[in-house]
Amino acid sequence: MSTRETSRFVRLRVELVLEVDDQDAVTKAALRRIAADATMPADERTHAEAAVTEDTAEALAYLVDPFDLVSEVPGVELAQASWSSEHIEYDPDSPEWDLDEDDGEEDFDGEEAERAG
């Protein structure tokens, strides 16, 4: 595909593993963000407050916003985003968490496709 035929849309995949040292601070920050959202309907606000109070992963989902990650990048506009958070078992020494491990997908620079062909 030539440069002219290349899509303007790019999927950027990011996976983060966060260690939460202060669950109370995360929950309070999420509650402040919810309280500051003047456009959130009252019933949704009640549901959001309950969710972030019960689950730190939900609180992080309210605090980490993909728009914030790209809003300062020149020449791009966020077209669509989805994200989720969940509690996980994490062992940094486990080969399962090796970020350099080939996951069967093409390398970012296309080297796998070149070697295969």
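Here the structure is shown first, and the text comes after it.
Cut-offs used in this document
Residues numbered from 1 in each chain as written. Predicted model: local features only at pLDDT ≥ 70, side-chain atom pairs only at ≥ 80, totals over all residues. Heavy atoms only, no water. Axes fitted to C-alpha atoms, helices over the stretch in contact; angles between N-to-C directions. Helix = DSSP H or I, 4+ residues; strand = E, 2+ residues; numbered from the N terminus. Parallel < 35°, antiparallel > 145°, perpendicular 65-115°, else oblique. Left-handed = near helix turned anticlockwise from the far one by under 90°. Contact = heavy atoms within 4.5 Å. Nonpolar A, V, L, I, M, F, W, Y, C, P; charged D, E, K, R; others polar. Salt bridge = Lys/Arg side-chain N within 4 Å of Asp/Glu carboxyl O. Buried < 20%, exposed > 50% of the residue type's maximum accessible area, 1.4 Å probe, protein only.

### Side note on the packing of helix 1 (residues 23-36) against helix 3 (residues 56-63)
No. 1: Where helix 1 meets helix 3, the closest approach of the two axes is 9 Å, and the angle between their N-to-C directions is 45°. Relative to helix 3, the element helix 1 lies oblique. As helix 1 runs across helix 3, the sense of the crossing is left-handed. The segment helix 1 lies against helix 3, with Gln23, Val26, Thr27, Ala29, Ala30, Arg33 and Ile34 engaging Thr56, Ala59, Leu60, Tyr62 and Leu63.
No. 2: For the contact of helix 1 with helix 3, the per-class residue count stands at 8 nonpolar, 3 polar and 1 charged.

### Thoughts on the pattern of salt bridges
If charged atoms from side chains of opposite charge come close, those side chains can pair.
No. 1: Counted under the stated rule, the structure contains 2 salt bridges.
No. 2: In this structure, Asp24 and Lys28 form a salt bridge, with 3.1 Å as the shortest nitrogen-oxygen distance. With Asp24 and Lys28 both in helix 1 and 4 residues apart, this pair spans about one turn of that helix.
No. 3: Given the relative accessible area of 44%, Asp24 is considered partly exposed.
No. 4: Close ionic contact of Arg33 with Asp68 constitutes a salt bridge, the shortest N to O distance being 4.0 Å. On the criterion of sequence distance, the pair formed by Arg33 in helix 1 and Asp68 in helix 4 (residues 66-70) is long-range, its members being 35 residues apart.

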